[in-house]
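Examining the three-dimensional arrangement
In case you want the letters, here they are:
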Amino acid sequence: MDDPKFRRVMHRAHYMGSNENDILFGGFAEKYLASLSPAQLDKFEALLANNDTDLFNWVTGKEPVPAEWDDEVMTRIKSFVQNEAARC
């Protein structure tokens, strides 16, 4: 996709700071970013601004997801992490 925002979010998902998150969020982005609605893309981009440790703990179920981030985008990411990330 040639959209600058899409490219920016894709890059951010692959270069988050920790290798684990690069794999999890980058893998999710590779597979699902193009299928997100514009509003979901905005939510995903905002989510990526959180602390790497928090993000990892939320998507792996080590800590509960705060209510403000517990939405359809987080549900899709968590499902990806639980069911598909090992194949990335």
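Notes on the structure in this doc start here. (Residues numbered from 1 in each chain as written. Predicted model: local features only at pLDDT ≥ 70, side-chain atom pairs only at ≥ 80, totals over all residues. Heavy atoms only, no water.)

A short note on the nonpolar core
Counting residues in each nonpolar core, the largest one holds 27 residues, and the members touching the most others are F25, L33, F44, L47 and I77. Contributions of two or more residues to this core are made by α1 (4–14), α2 (19–32), α3 (38–47), α4 (52–59) and α5 (72–83). Beyond its immediate stretch of four places on either side in the chain, F44 contacts V9, A13, F25, F28, A29, L33, L36, V73 and I77. (Core = buried A, V, L, I, M, F, W, Y, C linked by side-chain atoms within 4.5 Å. Buried < 20%, exposed > 50% of the residue type's maximum accessible area, 1.4 Å probe, protein only. Helix = DSSP H or I, 4+ residues; strand = E, 2+ residues; numbered from the N terminus. Contact = heavy atoms within 4.5 Å.)

Looking at the side chain of N57
Topologically, N57 is positioned in helix α4. When its relative accessible area of 12% is taken as the criterion, N57 is described as buried. Leaving out residues up to four positions away in the same chain, N57 has contacts with K62 and E63.

Description of the pattern of salt bridges
Where side chains of opposite charge bring their charged atoms close, a pairing between them can arise. Inspection of every chain in the model, using the stated rule, returns five salt bridges. K5 is the partner of E45 in a salt bridge, and the nearest nitrogen-oxygen pair spans 3.5 Å. Highlighted residues: E45 in helix α3 and K5 in helix α1, separated in sequence by 40 residues. The exposure class assigned to K5 is partly exposed, which follows from its relative accessible area of 23%. As a salt-bridge pair, E72 and K43 come within 3.2 Å of each other at their nearest N and O atoms. Taken as a pair, E72 in helix α5 and K43 in helix α3 lie far apart in primary sequence, 29 residues in all. Of the residues examined, E72 reaches a relative accessible area of 35% and is grouped as partly exposed. The network of salt bridges with common partners includes K5, R8, D42 and E45. (Salt bridge = Lys/Arg side-chain N within 4 Å of Asp/Glu carboxyl O.)

Here we look at the packing of α3 against α5
One way to put it is that α3 packs onto α5 with a least axis distance of 9 Å and a crossing angle of 70°. Comparing their axes, α5 and α3 come out roughly perpendicular. Note on packing geometry: the crossing formed by α3 with α5 is right-handed. Where α3 abuts α5, its residues Q40, K43, F44 and L47 lie against E72, V73, M74, R76 and I77. A breakdown of the residues in the contact of α3 with α5 according to their chemical character gives five nonpolar, one polar and three charged. (Axes fitted to C-alpha atoms, helices over the stretch in contact; angles between N-to-C directions. Parallel < 35°, antiparallel > 145°, perpendicular 65-115°, else oblique. Left-handed = near helix turned anticlockwise from the far one by under 90°. Nonpolar A, V, L, I, M, F, W, Y, C, P; charged D, E, K, R; others polar.)

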